[in-house]
Amino acid sequence: MVAGGRAATAPAESRLASLYRAHAPDSVRLAYLLTGDRRAAEDLVQDAFVRLASRFQDLRDPARVGGYLYRTILNLARGRHRRRVVERRYLSRRSTDATSTPAPDDEITNRDILWHAISSLPERQRAVVFFRYYQDLPERDVAEILSCSVGAVKSLNLRAMKKLREMVGGAPS
Amino acid sequence: MNGFEKQLADELHERLDGVHSAMELPPTVARRARRGRRLTAAAGMMTLVMLIGGGGWFGAAALDRGTDVAAPGQCLYRPDHDLTIYLGDWATKQMVDELGTLLSGSEEVEEVTYVSKKRAFAEFKERYKDQPEFYEDLPRDALPARFDVELQDGVDPSEFAAVASGAIEEVRFYGGPAGILCPEE
């Protein structure tokens with residue numbers, strides 16, 4: 001009865017391939033929304049799928065694969081963000097040039113204001129906006145993906161909406 | 001959905017619908033996944049070899065059930081009970097209760113401890129607190145519930161006739177010293 005870690009490589013790979021086809025498009029969109037960088041989004045999703053492949057034995061419910069992937073992407077994006085903050089701090093200490101590259105804020109046009117506002121939300125609020133308004137998921141499903149209560153999702157959504165309205169409302173017409 | 005929310009949804013679709021991924025699983029992902037599975041399989045085979053050879057260290061519980069990615073030379077964890085009975089997700093409360101009663105009533109059993117999924121996850125997290133990548137993405141109920149069984153002195157774990165129950169998914173036997181066990185240099 002002792003089970004080893006033997007893996008049925010071919011079926012596992014075929015299953016991974018079909019999961020990829022089903023979940024990769026929206027995974028990349030979520031990753032892009034979180035990173036703002038298409039290349040980084042692709043890399044992040046590939047990392048998430050590699051993690052998924054090593055966890056097949058833990059994930060018994062195929063219906064939950066999407067949620068698991070999104071959660072992994074959120075964690076990976078958070079890790080990436082932390083590393084970038086450290087890199088930026090390091091680079092700013094080394095920089096002797098007082099004038100910096102113009103921030104994206106300087107170049108925003110009216111058309112971009114809402115998108116810029118979405119991109120400036122904290123990651124979890126951005127994720128809630130993605131699941132609620134892009135994927136049209138009910139709050140209960142979003143709560144499961146984010147491993148939090150429905151109340152917490154409502155709160156994140158409220159704060160996101162408030163901030164977006166403020167930013168868009170304050171924009172020059 | 002109010003006007004602002006509709007505007008938000010439209011903006012998201014306009015910006016994100018055009019973001020596409022590769023249509024098929026990229027070969028790099030398949031390769032990396034295969035490599036990960038080979039490491040997992042190697043850890044499992046190592047466990048099996050040690051069990052057959054009667055060696056003193058067991059990798060079965062190194063990282064619960066198949067999430068092991070222990071390479072030769074790494075230290076492994078061996079629990080301080082004699083066998084673990086993993087319960088299937090299909091097991092009802094009644095099935096689990098009956099199995100618990102049967103185990104507790106066995107003359108060969110010294111002690112039985114039920115470990116829920118929640119507790120199994122908490123233990124796993126504590127054991128690998130320095131390696132959060134092992135657990136940070138796992139769903140809280142990813143690890144199965146189980147019974148940890150301590151047998152009476154003199155009862156050979158591999159010969160213990162575990163009661164038949166439809167609740168059981170897998171049984172693992174242990175032997176030798178408990179704790180973190182490392183291969184000799």
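Residues numbered from 1 in each chain as written. Chains lettered and ligands numbered in written order. Predicted model: local features only at pLDDT ≥ 70, side-chain atom pairs only at ≥ 80, totals over all residues.

**Description of the overall build of chain A**
- Helices and strands together make up the secondary structure of chain A, namely seven helices and zero strands.
- Beginning at the N terminus, the succession of helices and strands in chain A can be written as α-α-α-α-α-α-α.
- Taken over 173 residues, chain A has a buried fraction of 36%.
- The contacts in chain A between residues at least 6 apart in sequence include a share of 62% that link residues at least 24 apart. (Helix = DSSP H or I, 4+ residues; strand = E, 2+ residues; numbered from the N terminus. Buried ≥ 20, exposed ≤ 12 C-beta atoms within 10 Å, placed from the backbone. Contact = placed C-beta atoms within 7 Å.)

**Thoughts on the overall build of chain B**
- Of regular secondary structure, chain B possesses four helices and six strands.
- Order of helices (α) and strands (β) in chain B, N terminus to C terminus: α-α-β-β-α-β-α-β-β-β.
- Considering chain B as a whole, with its 185 residues, one finds that 29% of them fall into the buried category.
- Partitioning the contacts of chain B with sequence separation of at least 6, the portion at a separation of at least 24 is 69%.

**Here we look at the pairing of strand β4 (residues 146-151) of chain B**
Residue and element names in this part refer to chain B.
- Looking at chain direction, strand β2 (residues 83-87) and β4 are connected through four bridges and run antiparallel. Following the sheet pairing, threonine 84 is matched in β4 by aspartate 148.
- In this structure, strand β3 (residues 109-115) lies alongside β4, joined through six bridges in antiparallel fashion. The partner of threonine 113 across the bridge, within β4, is aspartate 148. (Pairing = 2+ DSSP bridges.)

**Examining the packing of helix α5 (residues 123-134) of chain A against helix α7 (residues 150-169) of chain A**
All names here are of chain A.
- The interhelical angle for the contact between α5 and α7, taken along N-to-C directions, is 100 degrees, at an axis separation of 9 Å. As judged from the angle between their axes, α5 and α7 are roughly perpendicular. For the pair α5 and α7, contact is made by Arg124, Gln125, Val128, Val129 and Arg132 and by Val153, Leu156, Asn157, Arg159 and Ala160, respectively.
- Grouping the amino acids of the contact of α5 with α7 by side-chain chemistry returns five nonpolar, two polar and three charged. (Axes fitted to C-alpha atoms, helices over the stretch in contact; angles between N-to-C directions. Parallel < 35°, antiparallel > 145°, perpendicular 65-115°, else oblique. Nonpolar A, V, L, I, M, F, W, Y, C, P; charged D, E, K, R; others polar.)

**Structural notes on the confidence of the model for chain B**
All names here are of chain B.
- In this model, chain B carries a mean pLDDT of 68, and residues with pLDDT of at least 70 account for 56%.
- Helix α2 (residues 27-53) is the least confidently modelled element of chain B, averaging 47 in pLDDT, while helix α1 (residues 3-16) averages 89, the highest of any element.
- Predicted as a complex, the structure gets a pTM of 0.51 and an ipTM equal to 0.72. (pLDDT = per-residue confidence, 0-100.)

**Digging into α1(B)**
Residue and element names in this part refer to chain B.
- For α1, built from 14 residues, the straight-helix expectation of 20 Å at 1.5 Å per residue is met to within 8% by its first-to-last C-alpha distance of 20 Å.
- Among all positions of α1, only Leu8, Glu11 and Leu12 are buried. Each buried residue of α1 lies within a common arc of 100 degrees when the element is viewed along its axis, so the set occupies one face. Every exposed residue of α1 that faces more than 90 degrees away from the buried side is listed here: Gly3, Lys6, Asp10 and Glu14. (Expected span 1.5 Å × (residues − 1). Arc of directions from axis to C-beta.)

**Notes on the nonpolar core**
- Ranked by internal contacts, the top residues of the largest apolar core, which has 46 residues, are A:Ala31, A:Leu44, A:Val45, A:Ala48, A:Phe49, A:Ile73 and A:Val128.
- At the level of elements, α1 (9-35), α2 (38-53), α3 (65-94), α4 (113-119), α5, α6 (139-146) and α7 of chain A together with α1 of chain B are the ones that each hand at least two residues to this core.
- Tallying contributions element by element places α1(A) first for this core, with 10 residues.
- Summarising the domain contributions, this core has at least three residues from each of domain 1 (11-95) and domain 2 (108-173) of chain A.
- The residues contacting A:Ala31, other than those within four sequence positions of it, are A:Ala41, A:Leu44, A:Val45, A:Ile73 and A:Ala77. (Core = buried A, V, L, I, M, F, W, Y, C linked by C-beta atoms within 7 Å. Domains from an automatic or database assignment.)

**Here we look at the environment of A:Phe131**
- Here A:Phe131 lies in helix α5.
- Here the alpha-carbon distance between A:Phe131 and A:Asp141, two residues 10 residues apart in the chain, equals 8.8 Å.

**Topic: α5(A)**
Residue and element names in this part refer to chain A.
- Here α5 is 12 residues long and its end C-alpha atoms lie 15 Å apart, about the 16 Å a rise of 1.5 Å per residue gives.
- When you tally the buried positions in α5, you get 10 out of 12 residues, the bulk of the element.
- Among all positions of α5, only Gln125, Arg126, Ala127, Val128, Val129, Phe130, Phe131, Arg132, Tyr133 and Tyr134 are buried.
- Among the residues trailing α5, aspartate 136 stands out with phi positive, at a value near 60 degrees.

**What to know about the packing of α5(A) against α6(A)**
All names here are of chain A.
- Packing of α5 against α6 leaves a shortest axis separation of 10 Å and a crossing angle of 140 degrees. By the angle class used here, α5 and α6 are oblique. α5 and α6 meet at a crossing whose hand is right-handed. On the side of α5, the interface is formed by Arg124, Ala127, Val128, Phe131 and Arg132, while α6 contributes Val142, Ile145 and Leu146.
- When the residues that make up the contact of α5 with α6 are grouped by side-chain class, the tally is six nonpolar, no polar and two charged. (Left-handed = near helix turned anticlockwise from the far one by under 90°.)

**Side note on the environment of A:Val168**
Residue and element names in this part refer to chain A.
- Looking at the element boundaries, valine 168 is found in helix α7.
- The spatial distance from the C-alpha of valine 168 to the C-alpha of aspartate 112 is 10.0 Å, given a sequence separation of 56 residues.
- Those residues in contact with valine 168 that lie beyond four places of it in its chain are Ile113, Leu114 and Ala117.

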